[in-house]
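# Structure assessment
Here are the chains, one letter per residue:
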Amino acid sequence: MRLAILLATALTCCVPATAQQWQQAPAESQGYLTPRLEALRAWLKVQDTTSTMVVVHGKVIFQYGDLTHPSKIASCRKSILGMLYANYIGKQIDLGKTVVQLGLEEPGKPFPP
């Protein structure tokens, strides 16, 4: 569960989206417990967290904060790519290439002025 929350937190910071654009699902339908997610909500309230959305199999099971507010963070892409592509490292991804050489460069500036 920690990996799912970490990934969701990182994605929320990097991908502008609202929960209304995603299909909602009860936490239990995806193997998670609502009381544990509510404990997460309580913890997030005392942290410096603007928003978080937990998505499991394409369905939102938890959201916190204003998901429409862009949050400026640093070094998000490397962490997300590491989690998403861990199974492919050494098999299909050439670790000797840069993000640009792999064709993963983000067009334009990530945050509007």
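Thresholds applied
- Residues numbered from 1 in each chain as written.
- Predicted model: local features only at pLDDT ≥ 70, side-chain atom pairs only at ≥ 80, totals over all residues.
- Heavy atoms only, no water.
- Helix = DSSP H or I, 4+ residues; strand = E, 2+ residues; numbered from the N terminus.
- Buried < 20%, exposed > 50% of the residue type's maximum accessible area, 1.4 Å probe, protein only.
- Areas by Shrake-Rupley, 256 points an atom, 1.4 Å probe, with all protein chains shown as cover.
- Pairing = 2+ DSSP bridges.
- Contact = heavy atoms within 4.5 Å.
- Axes fitted to C-alpha atoms, helices over the stretch in contact; angles between N-to-C directions.
- Patch = residues over 30% accessible without salt bridge, like charges linked within 9 Å, V, L, I, M, F, W, Y side chains within 5 Å.
- Salt bridge = Lys/Arg side-chain N within 4 Å of Asp/Glu carboxyl O.
- Core = buried A, V, L, I, M, F, W, Y, C linked by side-chain atoms within 4.5 Å.
- pLDDT = per-residue confidence, 0-100.

To continue, consider the overall build of the protein chain. Scanning the protein chain from N- to C-terminus turns up three helices and three strands. The order of α-helices and β-strands along the protein chain, N terminus first, is α-β-α-β-β-α. Split into buried and exposed, the 113 residues of the protein chain put 26% on the buried side. On the protein chain, roughly 8,200 Å² of surface is accessible, and the fraction owed to carbon and sulfur atoms is 57%.

As paired elements, strand E1 (residues 23–24) and strand E3 (residues 59–65) share two bridges and run parallel to each other. The residue bridging Gln 24 from the neighbouring strand is Val 60, located in E3. Alignment of strand E2 (residues 51–56) against E3, held across six bridges, turns out to be antiparallel. When the sheet's bridge partners are listed, Thr 52 is paired in E3 with Tyr 64. Between E2 and E3, which pair antiparallel one after the other, the connecting turn spans two residues, and His 57 there sits at a positive phi close to 55°.

Here we take up the sheet that holds E1. The sheet built from three strands is open, its strands ordered E1-E3-E2 with mixed pairing. Whereas interior strands pair on both sides, the edge strands pair on one side only; in this sheet they are E1 and E2. Packing of helix H2 (residues 34–45) onto the sheet brings it into contact with E2 and E3, and relative to E3 it is tilted by some 25°.

Quick look at unusual backbone geometry now. Excluding glycine, a negative phi dihedral is what most residues carry, and trans is how most peptide bonds are arranged. We note that His 57 has phi near 55°; this positive angle belongs to a residue other than glycine. Along the chain, His 57 turns up in the loop between E2 and E3.

Take a nonpolar patch on the surface next. On the surface, Leu 84, Tyr 85, Ile 89, Leu 95, Val 99, Leu 102 and Leu 104 cluster together to form a nonpolar patch covering roughly 580 Å² of accessible area. Assignment of secondary structure puts Val 99 in the segment after helix H3 (76–84). With relative accessibility at 37%, the residue Val 99 sits in the partly exposed group.

With eleven residues, the main nonpolar core is built from Ala 25, Ala 27, Tyr 32, Leu 37, Leu 40, Leu 44, Val 54, Val 56, Ile 61, Phe 62 and Tyr 64. For this core, the secondary structure elements donating two or more residues are H2, E2 and E3. When residues no more than four places from it in sequence are discounted, the contact partners of Tyr 64 are Arg 41, Leu 44, Lys 45, Thr 49, Thr 50, Ser 51 and Thr 52.

As a further point, take the confidence of the model for the protein chain. The predicted coordinates should not be examined in detail at positions where pLDDT is low. Averaged over the protein chain, the pLDDT score is 77; the fraction of residues at 70 or greater is 72%. Considering each helix and strand of the protein chain separately, the mean pLDDT is smallest for helix H1 (residues 2–14), with a value of 49, and largest for H2, with 96.

All told, the structure shown has one salt bridge when counted by the stated rule. Close ionic contact of Glu 38 with Arg 41 constitutes a salt bridge, the shortest N to O distance being 3.0 Å. Placement of the pair is Glu 38 and Arg 41 together in helix H2, with a separation of three residues, close to one helical turn. The exposure class of Glu 38 is partly exposed, given its relative accessible area of 38%. Residue classification places Arg 41 among the partly exposed residues on the basis of a relative accessible area of 23%.

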